[in-house]
Amino acid sequence: MWLRNVAHGDFGESFEYHRPASSLILERVPYTLQLTVLALFLGAITGVALGILSVVRQYSLVDQVLTFASLIVYSIPEFWLAVMLILLFAVSLNFFPLSQTRSLDYLLLSTPAKIADRLWHLVLPVCVLALGSAAGTARYMRNELLGVLNEEYVVAARARGLPETRVVLRHALRNAPMPIVTIYGLELPFLVGGAVVVEKIFAWPGMGALAVEAVTARDYPVILATSKIAALLVVAGNLLADVMYAVVDPRVSFDAERAG
Amino acid sequence: MPNEPVERVLVDIPGMPVEIGPPVQAFRTPWRIAVRRFAANRLAVVALMVILLLSLIALLAPVLVPADLTAIEHVMQKRYLPPSWSHPFGTDEFGRDLYSRALYGAGISLSVGVLAMLVALSVGTIYGAIAGYVGGFVDNALMRALDAFTAFPKLFLILLLAGVFKAHIGILILIMGLTSWTDTARLVRGEILSLKQREFVEAARAIGLPDYLIILRHLIPNAISAVLVSATLMVVGLIGVEAMLSFLGIGVHPPIPSWGNMIEAGQDALFIAWWIAFFPGILLAITVLSFNLVSDGLRDVLDPKALTRRYV
């Protein structure tokens, strides 16, 4: 009986909030989404761009600085980066807000000012998430592109006298996206489930923060609900990555007869 | 690589005079070649030394800083002191010396990471070896069970278990280890699947060696080099996870110092004492960076499929 309810998305009432766990979660989802979707796009775009830049200028100063910087950023724990950015921009410079999604006087503001206020509060958390993801993507992109650059058709393109930028963008780039697609497919759970630490630090009312609260308060219905959603997302992410393979790479086909 | 001697390849073409290279030295075992190539990667070597230094510091921490870490005295005079010669990393809200706590924390963070890795590695290796060696139905069942287990997000599971069990360090290590072995299992299974076709395994079977000895003596030692790279990466991940858990208040609990819970304490005092969160984080970043560099170096050496790359 109880299991059937769980399967139907009814997790029971939260011990702490005395409300159904599912509605509690649904209300948090938009906050997490605005944070993670922005971060993921920003991270992917800058990551891919930086990866391409360092391959086009391979072994140049730019490449070396980029590669080393991305390794360092990649190695810095996210939560410490967040704390340090807060220290720099929010505490010392008093430039960005410390936490929360909006200012105290939010309700008194005009509509454009409200939007600006929201965006202003998004900057730091999104940057923390995007930086880490950009560094990882840039590293991966560089590896993949360098691997592809040794292929014969790339050599052929060079032999035809095409400029290096064109070779990389037109010929190599098309064959590199497979692993990137995998990574982003696998990051789907993170998209909704778990910018845990960043949400906690910036007091962002998202799913991740909710999960941590639930774990520390032993609020079992909520724990259960968040874990089920997270598990579903992992499966969905894997599926999405597989489907994207077929989209990105025409050689992969789910239709056995056509593939054969 | 500038200092690497050119390896001569002798190609036997009929009618061509065979070029005789320098005498092949007897000690050029794969292992030695690997060590030499690793040593040529200076960044990786420096990183390895940093790790060794940190481990040494962690081991010697009780000797280096004999003061009682949890003792709280003269709080009002000693709290929130900025970094100085007597307190290189400053003091925290209870007037404790953060330098000593950070050194102790090194031991906690490193040993949690490494021990959890060992747990995961043993479980994963045995699981993967059995699946790969026995094959057939057992393999199928084991791998499907593994797939089901992987469908559950790892980090979430750790968070959940650590929170529910209010873990002390030993249990924390077990939780982290027992949730991280799946990649190793897959890797080992793959290696074993190809290794068990080789002649030396057939020879071992021909002389009547029992299965468990074939696995332990012949298959696992040959599969281990592939596991080594992922093991270093695993330590990186696990140290990060431990720090994160402690930061969230569900990992290593104060007063035992860990870099994660020190940073957490620092976050609360960010306005008055930046140094509390700053120094443990630097140490954490250096550790993670070093492990990443070493694992890059190892991969270049041990994975023949990887390209020879010359970047960091």
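For clarity, every value in this text was computed on a predicted model and none was experimentally measured.

Caption draft 1: Up close: the overall build of chain B. What chain B contains, in helices and strands, is twelve helices and zero strands. For chain B, the sequential pattern of α-helices and β-strands runs α-α-α-α-α-α-α-α-α-α-α-α. Looking at the 312 residues of chain B, the share that counts as buried comes to 39%.

Caption draft 2: Representation of the overall build of chain A within the structure. For chain A, the count of helices and strands is 13 helices and zero strands. Taken from N to C terminus, the helices and strands of chain A fall in the order α-α-α-α-α-α-α-α-α-α-α-α-α. When each of the 260 residues of chain A is scored for burial, the buried share is 38%. In chain A, the share of contacts with a sequence separation of at least 24, taken over all contacts with a separation of at least 6, comes to 71%.

Caption draft 3: Fine view of helix α4 (residues 78-92) of chain A. With 15 residues, α4(A) should cover 21 Å at 1.5 Å per step; its first-to-last C-alpha distance of 20 Å lies within 8% of that length. Buried within α4(A) we find Glu78(A), Phe79(A), Trp80(A), Leu81(A), Ala82(A), Val83(A), Met84(A), Leu85(A) and Ile86(A). On its buried side, α4(A) packs onto α5 (111-149) and α10 (196-201) of chain A together with α10 (211-248), α11 (259-268) and α12 (275-302) of chain B. Just past α4(A), the residue Asn94(A) takes up positive phi, approximately 55 degrees.

Caption draft 4: Layout of the interface of chain A and chain B. Listed per partner, the contact involves 32 residues of chain A and 32 residues of chain B. Of all elements in the fold, only α3 (61-75), α4, α5, α10, α11 (207-217) and α12 (220-248) of chain A reach the threshold of two or more residues within the side of chain A that touches chain B. Ranked by the residues each element gives to the side of chain A that touches chain B, the list is headed by α4(A), at seven residues. The residue makeup of the side of chain A that touches chain B, split by class, is 23 nonpolar, seven polar and two charged.

Caption draft 5: Representation of the environment of Leu54(B) within the structure. All names here are of chain B. Mapped onto the elements of the fold, Leu54 is located in helix α2 (residues 42-64). For Leu54, a count of 19 C-beta atoms within 10 Å corresponds to the partly exposed category. Distance in space between the C-alpha atoms of Leu54 and Ala145 is 38 Å, their sequence separation being 91 residues. Not counting residues up to four positions away in its chain, the partners in contact with Leu54 are Ala106, Leu110 and Thr287.

Caption draft 6: Representation of the packing of α11(B) against α12(B) in the model. Residue and element names in this part refer to chain B. Where α11 meets α12, the closest approach of the two axes is 7 Å, and the angle between their N-to-C directions is 150 degrees. One way to sum up the angle between α11 and α12 is to call them roughly antiparallel. As α11 runs across α12, the sense of the crossing is left-handed. Where α11 abuts α12, its residues Trp259, Met262, Ile263, Ala265, Gly266 and Gln267 lie against Ile276, Ala277, Pro280, Gly281, Leu283 and Leu284.

Caption draft 7: Representation of the confidence of the model for chain B within the structure. Residues and elements named next belong to chain B. With 81% of its residues at a pLDDT of 70 or more, chain B has an overall mean of 79. Here residues 305-312 is modelled with pLDDT under 50, and outside its nearest four sequence neighbours on either side it reaches twelve contacts, counting other chains as well. For this predicted complex, the interface score ipTM comes out at 0.76, alongside a pTM of 0.78.

Caption draft 8: Seen up close, the environment of Leu108(A). Residues and elements named next belong to chain A. One can find Leu108 in the loop between α4 and α5. Looking at Leu108, the number of C-beta atoms within 10 Å reads 9, which means it is exposed. Sequence separation of Leu108 and Cys127 is 19 residues, and the distance between their C-alpha atoms is 27 Å.

Caption draft 9: Region of the structure containing helix α4 (residues 98-134) of chain B. All names here are of chain B. In this model, α4 (37 residues) spans 53 Å end to end at C-alpha, consistent with the 54 Å of a helix rising 1.5 Å per residue. The element α4 is extensively covered by neighbouring structure, given that 27 of its 37 residues are classed as buried. Of the residues one or two after α4, Gly135 is the one with positive phi, at around 65 degrees.

Caption draft 10: Structural view of the environment of Arg101(B). Here Arg101(B) is to be found in helix α4. Separated by 157 residues in sequence, Arg101(B) and Ser258(B) have C-alpha atoms that sit 8.0 Å apart.

Caption draft 11: Structural view of the packing of α4(A) against α5(A). Residue and element names in this part refer to chain A. Between α4 and α5, the least distance of the axes is 10 Å, while the angle of their chain directions is 140 degrees. Taken together, the axis directions place α4 and α5 in an arrangement best described as oblique. Here α4 runs over α5; the crossing is right-handed. Here α4 contributes Glu78, Leu81, Ala82, Leu85, Ile86, Phe89 and Ala90 to the contact with α5, which in turn contributes Leu124, Cys127, Val128, Leu131 and Gly132.

Criteria and thresholds
Residues numbered from 1 in each chain as written. Chains lettered and ligands numbered in written order. Predicted model: local features only at pLDDT ≥ 70, side-chain atom pairs only at ≥ 80, totals over all residues. Helix = DSSP H or I, 4+ residues; strand = E, 2+ residues; numbered from the N terminus. Buried ≥ 20, exposed ≤ 12 C-beta atoms within 10 Å, placed from the backbone. Contact = placed C-beta atoms within 7 Å. Expected span 1.5 Å × (residues − 1). Nonpolar A, V, L, I, M, F, W, Y, C, P; charged D, E, K, R; others polar. Axes fitted to C-alpha atoms, helices over the stretch in contact; angles between N-to-C directions. Parallel < 35°, antiparallel > 145°, perpendicular 65-115°, else oblique. Left-handed = near helix turned anticlockwise from the far one by under 90°. pLDDT = per-residue confidence, 0-100.

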